[in-house]
Amino acid sequence: MKHVADPTHPRYRSLLMRAKIEEAVKAGLLADSALIAHGRGEAFDYLLGERTSESAMQATKEAAARLMAAEHPIISFNGNTVALAAEELLKCAAVMGADVEINIFYRTEERMRLLISSVSKTKESLKHEAPDGFSADEWSRMVESVRILGGEPDGLIPGLEGPRANCHSEGILSADVLLVPLEDGDRCEALVAMGAEVIVIDLNPISRSARMASVTVVDELTRFALNLYEEMKKPGKPDDDWNNQAILDAAVNSVTFTEQ
Ligand code: PTJ
């Protein structure tokens with residue numbers, strides 16, 4: 001994909017993300033309300049200083065520790081996630097041995113088809129881009145082993161009504177650790193009730209998903225994805241006394257109206 005954002009602009013990253021979102025709209029990948037969701041995220045990011053805070057980094061390290069220790073980690077992709085961070089998160093999935101499940105809130109067969117096709121293409125090209133530390137063969141095998149689930153759901157997330165409950169028994173339903181960027185509150189609550197550890201990425205520290213999650217990373221998704229990849233190279237042990245409320249409080253306290 002070629003993006004039109006100008007690298008010299010002070011808000012380059014923000015413009016780049018807007019360009020990616022616009023392209024994904026044109027490709028039919030996004031829900032009608034995806035731009036509204038993105039705009040809400042941008043507003044929070046602005047107030048959080050458009051940077052990864054110390055507490056967000058702490059939560060990212062905990063996410064890396066839990067995902068690397070998981071027996072059956074799953075990364076859930078919705079439309080916005082595919083538009084912004086499919087490649088970076090596929091890289092993470094390859095390293096942690098996770099599968100990806102396309103699981104969308106506003107589910108239509110057409111969007112599912114387009115999203116699966118887009119992620120499959122990204123996966124195919126990623127196979128040929130071995131990062132530092134991996135041989136070409138090894139990397140290609142690791143990427144190949146990431147399954148893209150979501151197309152033929154055979155299960156339902158318990159406690160949820162409607163198409164958004166559809167999922168795979170070999171994916172979300174049997175995951176021990178789930179990474180769910182930009183999740184909605186009801187579904188986050190249902191996933192936690194299933195017994196999975198749920199890691200949420202959400203720039204809104206007071207959203208229901210942020211408050212329901214086992215680990216909340218209050219950071220912008222593309223920054224998180226890059227940080228996660230780095231942290232997965234040197235994971236610590238999961239913290240049994242993890243205090244997620246402290247992370248949320250720190251994020252709320254770091255909101256500022258100072259000019260940037
Ligand atoms: O693709 P679908 O059908 O699954 O729909 C996806 C959206 C995102 C449209 C849907 O889940 C939705 O409506 O989400 P909400 O309820 O608007 O919540 C989105 C949350 O993500 C908000 O709290 C935003 O602040 C936050 N957010 C938006 N963009 C980013 C973000 N958080 C991190 N990084 C972002 N880039």
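Residues numbered from 1 in each chain as written. Predicted model: local features only at pLDDT ≥ 70, side-chain atom pairs only at ≥ 80, totals over all residues. Heavy atoms only, no water.

**Q** Quick one: what's the story with the overall build of the protein, residue by residue and with numbers?
**A** Tallying secondary structure elements over the protein gives ten helices and eight strands in all. Taken over C-alpha atoms, the radius of gyration comes to 17 Å for the protein, in line with the 18 Å a tight globule of 260 residues would show. Viewed in the frame of its principal axes, the protein has a C-alpha envelope of about 50 × 45 × 40 Å. Classification of the 260 residues of the protein by burial places 50% in the buried group. A fraction of 66% describes how many contacts in the protein between residues 6 or more apart in sequence connect residues 24 or more apart. (Helix = DSSP H or I, 4+ residues; strand = E, 2+ residues; numbered from the N terminus. Rg over C-alpha atoms; globule rule 2.2 N^0.38 Å. Buried < 20%, exposed > 50% of the residue type's maximum accessible area, 1.4 Å probe, protein only. Contact = heavy atoms within 4.5 Å.)

**Q** Help me get a handle on the site of the ligand, residues and values and all.
**A** In the vicinity of the ligand, 22 residues are found, and the nearest of them are Gly79, Phe105, Arg111, Asp202 and Glu220. Asp202 is positioned such that a nitrogen or oxygen atom in its side chain is 2.8 Å from an oxygen atom of the ligand. Glu220 places a side-chain nitrogen or oxygen 2.7 Å from a nitrogen atom of the ligand. Elements with a minimum of two residues in the shell around the ligand: α2 (34–47) and α4 (79–96). The element best represented in the shell around the ligand is α2, accounting for five residues. (Near = heavy atom within 4 Å. Polar contact = N/O pair within 3.5 Å; in protein donor to acceptor, adjacent residues only side chain to side chain.)

**Q** Before we move on, can you summarise unusual backbone geometry with the specific residues and values?
**A** The backbone of Glu50 shows a phi angle near 50°, a positive value even though the residue is not glycine. Take Glu50: its relative accessible area is 28%, and that puts it in the partly exposed class. Despite not being glycine, Leu182 has its phi angle at roughly 50°, a positive value. Locating Leu182 in the fold gives a position in the loop between β6 (177–181) and α7 (185–193).

**Q** Break down the state of the cysteines for me, citing the residues and quoting the values.
**A** All chains considered together, the criterion is met by zero disulfides. Summary of cysteine pairing: Cys167 is not part of a disulfide, and the nearest cysteine sulfur, belonging to Cys188, is at 15 Å. We classify Cys167 as buried; its relative accessible area is 1%. The class for Cys188 is buried, based on a relative accessible area of 0%. (Disulfide = S-S within 2.5 Å.)

**Q** Can you break down the packing of aromatic side chains residue by residue, with the values?
**A** Within the structure shown, the criterion is met by two aromatic pairs. For the ring pair Phe105 and Tyr106, a centre distance of 4.8 Å and an interplane angle of 75° mean the geometry is edge-to-face. The partly exposed category is assigned to Phe105, whose relative accessible area is 31%. Between Phe134 and Trp139 the ring centres are 5.2 Å apart and the planes differ by 45°, which places this aromatic pair in the tilted class. For Phe134, a relative accessible area of 24% gives the class partly exposed. Residue Trp139 is classed as buried on the basis of its relative accessible area, which comes to 0%. Geometry around Tyr229 places Lys91 over its ring, the cationic atom sitting 4.4 Å from the centre. (Phe/Tyr/Trp six-rings, centres within 6.5 Å; stacked < 30°, edge-to-face > 60°. Lys NZ or Arg CZ within 6 Å of the ring centre and 35° of its normal.)

**Q** An account of the sheet that holds strand β1 (residues 73–77) is needed here, citing residue identities and associated values.
**A** The strand order across the open sheet formed by six strands is β3-β2-β1-β6-β7-β8, and the pairing between neighbours is parallel. With one partner strand each, in any of the chains shown, β3 (148–149) and β8 (215–217) form the two edges of the open sheet. Note that β1 and β6 share three bridges and pair parallel. Each bridged residue has a counterpart across the sheet, and for Pro73 the counterpart in β6 is Val177. Contacts between α4 and the sheet are confined to β1, β2 (99–102), β3 and β6, with β1 contributing the most and set at about 170° to the helix. (Pairing = 2+ DSSP bridges. Axes fitted to C-alpha atoms, helices over the stretch in contact; angles between N-to-C directions.)

**Q** Lay out α2 in plain terms, naming residues and giving numbers.
**A** The first and last C-alpha atoms of α2 sit 20 Å apart over 14 residues, in line with the 20 Å expected at 1.5 Å per residue. Inspection of α2 places Ala34, His38, Gly41, Glu42 and Asp45 among the buried residues, and these make up the whole buried set. The arc that holds every buried residue of α2, seen down its axis, measures 105°, which confines them to one face. Turned more than 90 degrees away from the buried face of α2 sit Ile36 and Arg40, all of them exposed. Among the structural elements, α1 (12–26), α4 and α9 (221–231) are those in contact with the buried residues of α2. Backbone geometry just downstream of α2 places Gly49 in the positive-phi region, at approximately 90°. (Expected span 1.5 Å × (residues − 1). Arc of directions from axis to C-beta.)

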